[in-house]
Amino acid sequence: MVVRGVAFAVALAALAPATVAAQTPETFYKGKDIKVLIGAGVGGTYGLYAQLAARHMRQYIPGQPPLVLQAMPGAGGIVALNYSANAAPKDGSMIHLVHAEVLFETLMKPESKFNARDFQYIGRFADADSIGLMSRQSGVRSLDEVRQKQVTMGSTGRDTAFALGPLMLNRFAGTKFKVIAGYKGTADIHIAIQRGEVDGAAVTLANALTLQGAAVKSGDLVPIFAIAENRIPDFPNVPTVTEFGRDANEKAFLDIYTSTGTIGRALAFPPGVPKPFVQVLREAFEKTIVDKEFLAEAQKSNTPLAPMSGEKLAAYVEKLMATPPDQIAAARKINQDLMEEP
């Protein structure tokens, strides 16, 4: 079951009694639903992990409340982030599979109406790291070769992580990537690669290991760079963009940029939910990620898992939020420059 629409959700929040916050999770959840908010359609990875949570976390929450998806797509997840931070109920009746860009948007756009520091993180199911793949026919086998000749990369738009990754490498590593934007989706980009229209593309690690796994294994697609905080264990010889920062400002920008991969697909409470509810959901999450049925379903559906506790994720967010103001200002300038590159 999926509930759509901001008006409906706001109405639910308005009906919540003021005394609910004083209740314990055990009494509050009895006979109630928990909404699981996603800022995207239900057919993508946000919907996938939200549905996994809905099917398996219930048994570990006091009162075993049903978890019901609430899709609120719009502006790349920003609509849902704004709602969650400013209008969502703060009584524990809604959790949010926060968009991975929550920290990047907070630091790069001072006009944002939410703050990544204020969300109360329950736990992360998986990261959202990405990797740059080159076709066999391109002849490119390493990042060094892209310093010598121009290489084309397919992308849906120029403001996506998949476009900014190659553009950052042009600036920081001296590569000659040319981004060809305008494709409708990943499937269209891979068709373009097969036809030789473009030489490669950056894709999520999940895509590289599942949908493109056979092509990567056979060498038809070759990984040459990663968009991740650290090197990816499945590809230990592939450099990541964070290795190319030349000074503190560039390193700060790269750390902030790759936060989208580290946050990944993570559950959080909106700001203001009482701490006992946060603790109960964190405990439920930790039990869920080792549940045999949960793990079996994830394996059967080839759903990648890379769990991180809510406490560790909150500490990671806090560390980046403490980036010195002058470095944040410099990072914003770098981001703007990249967006304006031809």
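About the cut-offs
- Residues numbered from 1 in each chain as written.
- Predicted model: local features only at pLDDT ≥ 70, side-chain atom pairs only at ≥ 80, totals over all residues.
- Heavy atoms only, no water.
- Helix = DSSP H or I, 4+ residues; strand = E, 2+ residues; numbered from the N terminus.
- Rg over C-alpha atoms; globule rule 2.2 N^0.38 Å.
- Contact = heavy atoms within 4.5 Å.
- Areas by Shrake-Rupley, 256 points an atom, 1.4 Å probe, with all protein chains shown as cover.
- Buried < 20%, exposed > 50% of the residue type's maximum accessible area, 1.4 Å probe, protein only.
- Polar contact = N/O pair within 3.5 Å; in protein donor to acceptor, adjacent residues only side chain to side chain.
- Salt bridge = Lys/Arg side-chain N within 4 Å of Asp/Glu carboxyl O.
- pLDDT = per-residue confidence, 0-100.
- Axes fitted to C-alpha atoms, helices over the stretch in contact; angles between N-to-C directions.
- Parallel < 35°, antiparallel > 145°, perpendicular 65-115°, else oblique.
- Left-handed = near helix turned anticlockwise from the far one by under 90°.
- Nonpolar A, V, L, I, M, F, W, Y, C, P; charged D, E, K, R; others polar.
- Expected span 1.5 Å × (residues − 1).
- Arc of directions from axis to C-beta.
- Pairing = 2+ DSSP bridges.

K.L.:
I keep staring at the overall build of the protein and nothing clicks. Help me out?
P.N.:
The number of helices and strands found in the protein is 15 helices and 12 strands. For the protein, the C-alpha radius of gyration of 21 Å lies close to 20 Å, the compact-globule estimate for 342 residues. The principal-axis extent of the C-alpha atoms belonging to the protein is close to 65 × 45 × 35 Å. Put simply, of all contacts in the protein between residues at least 6 apart along the chain, 78% involve residues at least 24 apart. When the accessible surface of the protein is totalled, it reaches about 14900 Å², and 54% of it is carbon and sulfur.

K.L.:
Mind showing me how you'd approach unusual backbone geometry here?
P.N.:
Glycine aside, a negative phi is what most residues show, and trans is what most peptide bonds show. A positive phi angle, close to 45 degrees, is found at Gln 64, a residue other than glycine. Note on Gln 64: relative accessible area 42%, which makes it partly exposed. A positive phi angle, near 55 degrees, is found at Ala 75, a position not held by glycine.

K.L.:
How should I be thinking about the side chain of Thr 303 in this particular structure?
P.N.:
Within the secondary structure, Thr 303 sits in the loop between α13 (292–300) and β12 (308–309). With relative accessibility at 7%, the residue Thr 303 sits in the buried group. Within the structure, the side chain of Thr 303 is placed 2.6 Å from the side chain of Ser 301, a separation counted as a polar contact. If sequence neighbours within four positions are ignored, Thr 303 has contacts with Leu 48, Tyr 49, Leu 52 and Ala 298.

K.L.:
So what exactly am I meant to see when it comes to the pattern of salt bridges here?
P.N.:
Two side chains of opposite charge can pair, provided their charged atoms sit close to one another. The final tally for this structure, using the stated rule, is 12 salt bridges. A salt bridge links Asp 144 to Arg 147; its shortest N-O distance comes to 2.2 Å. Salt-bridge contacts for Asp 337 lead to Arg 171; the nearest nitrogen and oxygen are separated by 3.5 Å. One end of the pair, Asp 337, is in helix α15 (residues 325–340); the other, Arg 171, is in helix α6 (residues 161–173), with 166 residues separating them in the sequence. Here the salt bridges share partners, and the residues they tie into one network are Arg 171, Lys 333 and Asp 337.

K.L.:
Looking at this model, I keep getting lost on the confidence of the model for the protein. Mind explaining?
P.N.:
Note that predicted coordinates carrying low pLDDT should not be read in detail. Across the protein, the average pLDDT comes to 90, with 93% of residues at 70 or higher. Ignoring residues within four places in sequence, the model shows residues 1–21, a span with pLDDT below 50, making 29 contacts including any to other chains.

K.L.:
Can you walk me through the packing of helix α3 (residues 45–56) against α13 in this structure?
P.N.:
The description of two helices packed together rests on the angle between their axes and the distance between the axes. Packing of α3 against α13 brings their axes to within 10 Å, and their N-to-C directions diverge by 150 degrees. When the axis of α3 is compared with that of α13, the two are roughly antiparallel. In this structure, α3 crosses over α13, and the sense of that crossing is right-handed. Listed contacts from α13 to Leu 52, Arg 55 and His 56 of α3 are Glu 293, Phe 294 and Glu 297. By residue class, the composition of the contact of α3 with α13 is two nonpolar, one polar and three charged.

K.L.:
Quick question: what am I supposed to make of the environment of Leu 211 here?
P.N.:
You can see Leu 211 is positioned in the loop between α8 (205–209) and α9 (213–218). Separated by 91 residues in the primary sequence, Leu 211 and Asn 302 have C-alpha atoms spaced 9.4 Å apart.

K.L.:
I keep staring at α15 and nothing clicks. Help me out?
P.N.:
Between its first and last C-alpha, α15 extends 23 Å over 16 residues, near the 22 Å set by a 1.5 Å rise per residue. Listed in full, the buried residues belonging to α15 are Gln 327, Ile 328, Ala 330, Ala 331, Ile 334, Asn 335 and Leu 338. Looking down the long axis of α15, one finds its buried residues gathered within 160 degrees of arc, a one-sided arrangement. Every exposed residue of α15 that faces more than 90 degrees away from the buried side is listed here: Pro 325, Asp 326 and Glu 340. For α15, the secondary structure elements touched by its buried residues are α5 (102–108), α6 and α10 (248–257).

K.L.:
Any chance you could explain the sheet that holds strand β9 (residues 200–204) here in plain terms?
P.N.:
Working definition: the strands of a sheet are paired by backbone hydrogen bonds and lie parallel or antiparallel to each other. Overall, mixed pairing links the five strands, which are arranged β8-β7-β9-β6-β10 in an open sheet. Both edges of this open sheet fall to β8 (177–181) and β10 (221–227), since each of them pairs with a single strand only. Direction aside, neighbouring strands of the sheet carry axes that sit 35 degrees apart on average. The strands touched by α6 within the sheet are β6 (130–135), β7 (151–155), β8, β9 and β10, with β8 carrying the most contacts at an inclination of about 160 degrees. Against the sheet, helix α7 (residues 186–195) engages β6, β7, β9 and β10, with an angle of about 150 degrees to β9.

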